[in-house]
Amino acid sequence: MNIDPPTPVDVKPVPPAMLTAAAFLAGAAIMIVEISGNRLIAPVYGNTIYTWTALIGVVLVAMSAGGYFGGRLADNNPRPAMVGALLGAAGIATTLIPALAVAVSGTVDATEMILGPLFLSSVMFLIPGILLGAVSPYAVKLLSVTRADHAVGRSAGLISMMGALGSFLGTFATGFFLLSAFDIRHIIVAINK
């Protein structure tokens, strides 16, 4: 049995500024988490190419899965409150990262230079990455509905641009300022406020 997704008239229009801000914040948050995450993995496995490869790879897979998940969720249940729910759930999952790092860092032998960082990165960053990755396709759907589906390409382009600009800001802020000014646990908790 195939159930059609709700038609655009079933969805309340959302202010575009709210949707672009959500995409921007999700993009910034994922990069802050990713770059800061190296400080949690490196003490156990070193600051190596394997650590960075595992970290970047896991985040990319998470964002890809989140994009798929967010798109399906948006087509099946396009509600404005879901954007906040995705960001809130990502915030909770992100807040747990330091505790997860402590809990699982000793479960894989420190000499496992490939498996160790890959496992630790997956445990810590997969769920937050999926949730943050789901924000953009969800925002595209809501913005497209708000524009009565006359500008799907423009909606997708705007949300994509804002997510990328957020990622840029998150990358530069973390690398050039946050890591030298704050403890890693404070950074991860602060991005959820």
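Since this is a predicted model, take the numbers as computed values, not measurements. (Residues numbered from 1 in each chain as written. Predicted model: local features only at pLDDT ≥ 70, side-chain atom pairs only at ≥ 80, totals over all residues. Heavy atoms only, no water.)

> Give me the overall build of the protein chain: which residues, what numbers.
Helix and strand counts for the protein chain come out as seven helices and zero strands. A compact globule built from 193 residues should have a C-alpha radius of gyration of about 16 Å, and the protein chain, at 18 Å, falls within 12% of that. In terms of its C-alpha atoms, the protein chain occupies a principal-axis envelope of roughly 55 × 40 × 25 Å. A separation of at least 24 residues holds for 82% of the contacts in the protein chain among residues at least 6 apart in sequence. With an accessible surface of roughly 9,600 Å², the protein chain has 70% of that area assigned to carbon and sulfur atoms. Taking the 9 positively charged and 8 negatively charged side chains of the protein chain as two groups, their mean positions are separated by 11 Å. (Helix = DSSP H or I, 4+ residues; strand = E, 2+ residues; numbered from the N terminus. Rg over C-alpha atoms; globule rule 2.2 N^0.38 Å. Contact = heavy atoms within 4.5 Å. Areas by Shrake-Rupley, 256 points an atom, 1.4 Å probe, with all protein chains shown as cover. Lys, Arg positive; Asp, Glu negative; His and termini not counted. Charge placed at Lys NZ, Arg CZ, Asp CG, Glu CD.)

> How would you summarise the nonpolar core if you had to cite specific residues and measurements?
Counting residues in each nonpolar core, the largest one holds 49 residues, and the members touching the most others are Leu-19, Leu-86, Met-124, Phe-125 and Tyr-138. Not counting the four nearest positions on each side in its chain, Phe-125 is found in contact with Val-33, Gly-37, Ile-41, Leu-55, Val-58, Val-59, Ala-62 and Ile-97. (Core = buried A, V, L, I, M, F, W, Y, C linked by side-chain atoms within 4.5 Å. Buried < 20%, exposed > 50% of the residue type's maximum accessible area, 1.4 Å probe, protein only.)

> Before we move on, can you summarise the layout of surface pockets with the specific residues and values?
Size it by volume and the second largest pocket reaches roughly 150 Å³. Lining the second largest pocket, in full, are Ala-23, Ala-26, Gly-27, Ile-30, Met-63, Gly-67, Leu-132, Gly-133, Ser-136, Gly-163, Ala-164 and Ser-167. Listed by contribution, the elements that provide at least two residues to the lining of the second largest pocket are helix 1 (16–45), helix 2 (49–76), helix 5 (115–146) and helix 6 (152–181). Considering every element that reaches the lining of the second largest pocket, the biggest residue donor is helix 1, with four residues. (1 Å grid on protein atoms, 1.4 Å probe; cavity = no way out; pocket = protein on both sides within 12 Å on 5 of 7 lines; lining within 4 Å. Points joined across faces, edges and corners; volume = space filled by probe spheres on them.)

> Describe the packing of aromatic side chains, and please don't skip the residues or the numbers.
Taken as a whole and assessed by the stated rule, the structure comprises three aromatic pairs. Where Phe-172 meets Phe-176, the ring centres are 5.0 Å apart and the plane angle is 80 degrees; that geometry is what we call edge-to-face. Linking Phe-172 with Phe-176, this pair stays in helix 6, spanning four residues, or about one helical turn. The exposure class assigned to Phe-176 is exposed, which follows from its relative accessible area of 65%. (Phe/Tyr/Trp six-rings, centres within 6.5 Å; stacked < 30°, edge-to-face > 60°.)

> I'd like a rundown of the packing of helix 4 (residues 97–104) against helix 5, residues and numbers included.
Packed helix pairs are specified by the crossing angle of their axes together with the interaxial distance, meaning the distance between the axes. Interaxial distance between helix 4 and helix 5 falls to 10 Å at its minimum, and their mutual angle equals 155 degrees. One element, helix 4, and the other, helix 5, form an angle in the roughly antiparallel class. For the pair helix 4 and helix 5, the crossing hand works out as right-handed. Across the interface between the two elements, Ile-97, Leu-100, Ala-101 and Val-104 from helix 4 touch Phe-119, Leu-120, Val-123, Met-124, Phe-125 and Pro-128 from helix 5. (Axes fitted to C-alpha atoms, helices over the stretch in contact; angles between N-to-C directions. Parallel < 35°, antiparallel > 145°, perpendicular 65-115°, else oblique. Left-handed = near helix turned anticlockwise from the far one by under 90°.)

> With reference to specific residues and values, describe the packing of helix 1 against helix 2.
Their axes nearest at 10 Å, the elements helix 1 and helix 2 cross at an angle of 145 degrees. Crossing of helix 1 against helix 2: the hand is right-handed. Residue-level contacts link Ile-30, Glu-34, Ile-35, Gly-37, Asn-38, Ile-41, Ala-42 and Tyr-45 of helix 1 to Thr-51, Trp-52, Leu-55, Ile-56, Val-59 and Met-63 of helix 2. Split by residue class, the contact of helix 1 with helix 2 holds 10 nonpolar, three polar and one charged. (Nonpolar A, V, L, I, M, F, W, Y, C, P; charged D, E, K, R; others polar.)

> Quick rundown of the pattern of salt bridges? Include the residues and the values.
Considering all chains together, one arrives at one salt bridge under this definition. Two residues, Asp-75 and Lys-141, come together in a salt bridge whose shortest N-O distance is 3.3 Å. Pair noted here: Asp-75 is in helix 2 and Lys-141 is in helix 5, with a separation of 66 residues, a long-range link. Residue Lys-141 is classed as partly exposed on the basis of its relative accessible area, which comes to 21%. (Salt bridge = Lys/Arg side-chain N within 4 Å of Asp/Glu carboxyl O.)

> I'd love a proper account of helix 2, names of residues and values included.
Across its 28 residues, helix 2 extends 40 Å between first and last C-alpha, which sits within 8% of the 40 Å expected from 1.5 Å per residue. Along helix 2, the residues that are buried comprise Thr-51, Ala-54, Leu-55, Val-58, Val-59, Ala-62, Gly-66, Gly-70, Leu-73 and Ala-74. Taken together, the buried residues of helix 2 touch helix 1, helix 3 (81–95) and helix 5. Two to three positions downstream of the cap, the backbone nitrogen of Tyr-50 sits 3.2 Å from a side-chain oxygen, assigning the N-cap of helix 2 to Thr-48. (Expected span 1.5 Å × (residues − 1). Polar contact = N/O pair within 3.5 Å; in protein donor to acceptor, adjacent residues only side chain to side chain.)

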